[in-house]
Amino acid sequence: QRQMCIRDSLSTDHTHEVTVMNAYESQPGPDGGLPMQVSSDDRTMATLTHALGAVFTLLVPLVIWLINKDNPAKRFVNEHAKEALNFQITMLIAYAIAGVLSIPLAFVFIGFMLVPVVYVLNIIFGVIAAMASNKGERYRYPFALRLIA
């Protein structure tokens, strides 16, 4: 947990500690009790689901989600794996559309540029999501079909 010290403006001999919590730490745990703490292992696993998406597409998020989907203690990993999986499904659809459009638009060179544009978007948003999950924060891709809820 991260803590900050705030000095009282009226007297200098009183120091108050304020605990700064991320979105998951401020919500009740799976049993409705104390707030959930996001472990370092969970943050690493969630980071890998996003970071490896550009290389392995659906494989890593799908495996991580299938392993953790029934474990309420792994809610953080589960939510990030579902989000990464939904985004990678969206990217596969975008690759298919770009591939189909590259055949009739090849003579204008626009068609060949669509697939690399989709790949660069996949990398950029994957890195942004990986950085957010590594901090223990929620992340929602700006455009993704939410097929897995």
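Residues numbered from 1 in each chain as written. Predicted model: local features only at pLDDT ≥ 70, side-chain atom pairs only at ≥ 80, totals over all residues. Heavy atoms only, no water.

1. A closer look at the side chain of K82
1) Next: Tracing the backbone shows K82 in helix α4 (residues 75–102).
2) Next: Summary of buried charges: K82 has no salt-bridge partner, and the nearest side chain of opposite charge, E79, is 6.3 Å away.
3) Next: Once you skip the residues sitting within four places of it in the chain, K82 turns out to touch W65, I148 and A149. (Helix = DSSP H or I, 4+ residues; strand = E, 2+ residues; numbered from the N terminus. Buried < 20%, exposed > 50% of the residue type's maximum accessible area, 1.4 Å probe, protein only. Lys, Arg positive; Asp, Glu negative; His and termini not counted. Salt bridge = Lys/Arg side-chain N within 4 Å of Asp/Glu carboxyl O. Contact = heavy atoms within 4.5 Å.)

2. Re the environment of A84
1) Next: Inspection of the secondary structure assignment puts A84 in helix α4.
2) Next: Apart from residues lying up to four places away in sequence, A84 is in contact with T49, H50, P61 and Y141.

3. Brief notes about the confidence of the model for the chain
1) Next: Looking at the chain, pLDDT values average 78 and 72% of them are 70 or higher.
2) Next: For the stretch residues 1–21, pLDDT sits under 50, and the model shows 30 contacts to residues farther than four places along the chain or on other chains. (pLDDT = per-residue confidence, 0-100.)

4. What to know about the packing of helix α3 (residues 59–68) against α4
1) Next: With their axes 8 Å apart at the nearest point, α3 and α4 run at an angle of 145° to one another. Relative to α4, α3 is oriented so that their crossing is left-handed. Contact residues: P61, L62, I64, W65 and N68 in α3; V77, N78, A81, K82, A84, L85 and Q88 in α4.
2) Next: Here the residues of the contact of α3 with α4 sort into eight nonpolar, three polar and one charged. (Axes fitted to C-alpha atoms, helices over the stretch in contact; angles between N-to-C directions. Left-handed = near helix turned anticlockwise from the far one by under 90°. Nonpolar A, V, L, I, M, F, W, Y, C, P; charged D, E, K, R; others polar.)

5. As for the pattern of salt bridges
1) Next: By the definition in use, this model includes four salt bridges.
2) Next: The partner of E83 in a salt bridge is R140, with the nearest N and O atoms 3.6 Å apart. Placement of the pair is E83 in helix α4 and R140 in the segment after α5 (110–134), with a sequence separation of 57 residues.
3) Next: Salt bridges sharing common partners tie together E83, R140 and R146.

6. Examining the packing of aromatic side chains
1) Next: Applying the stated criterion across every chain yields a total of five aromatic pairs.
2) Next: Ring plane angle 75° and centroid distance 6.3 Å describe the contact between F87 and F125, whose orientation is recorded as edge-to-face. Within this pair, whereas F87 is found in helix α4, its partner F125 is found in helix α5, the two being separated by 38 residues in sequence.
3) Next: Overall, the relative accessible area of 15% leaves F125 in the buried class.
4) Next: Ring geometry for Y139 and Y141: centres 5.2 Å apart, planes at 90°, overall edge-to-face.
5) Next: Taken together, the aromatic side chains of F87, F125, Y139, Y141 and F143 make up a single cluster linked through ring pairs.
6) Next: Positioned over the ring face of W65 is K69, at 5.2 Å from the centre of the ring. (Phe/Tyr/Trp six-rings, centres within 6.5 Å; stacked < 30°, edge-to-face > 60°. Lys NZ or Arg CZ within 6 Å of the ring centre and 35° of its normal.)

7. Digging into the environment of M91
1) Next: Relative to the helices and strands, M91 is located in helix α4.
2) Next: Here M91 is in contact with V118, N122 and F143, once residues within four sequence places are set aside.

8. What about the environment of G99?
1) Next: Among the secondary structure elements, G99 is positioned in helix α4.
2) Next: Residues G99 and F112, spaced 13 residues apart in sequence, show a C-alpha to C-alpha distance of 8.2 Å.

9. Section: a nonpolar patch on the surface
1) Next: Taken together, V55, F56, L59, V63 and I67 make up a surface patch of nonpolar side chains, about 480 Å² in accessible area.
2) Next: Of all elements in the fold, only α2 (53–56) and α3 reach the threshold of two or more residues within the nonpolar patch.
3) Next: Among the elements that line the nonpolar patch, the one with the most residues is α3, at three residues.
4) Next: Mapping F56 onto the fold places it in helix α2. (Patch = residues over 30% accessible without salt bridge, like charges linked within 9 Å, V, L, I, M, F, W, Y side chains within 5 Å. Areas by Shrake-Rupley, 256 points an atom, 1.4 Å probe, with all protein chains shown as cover.)

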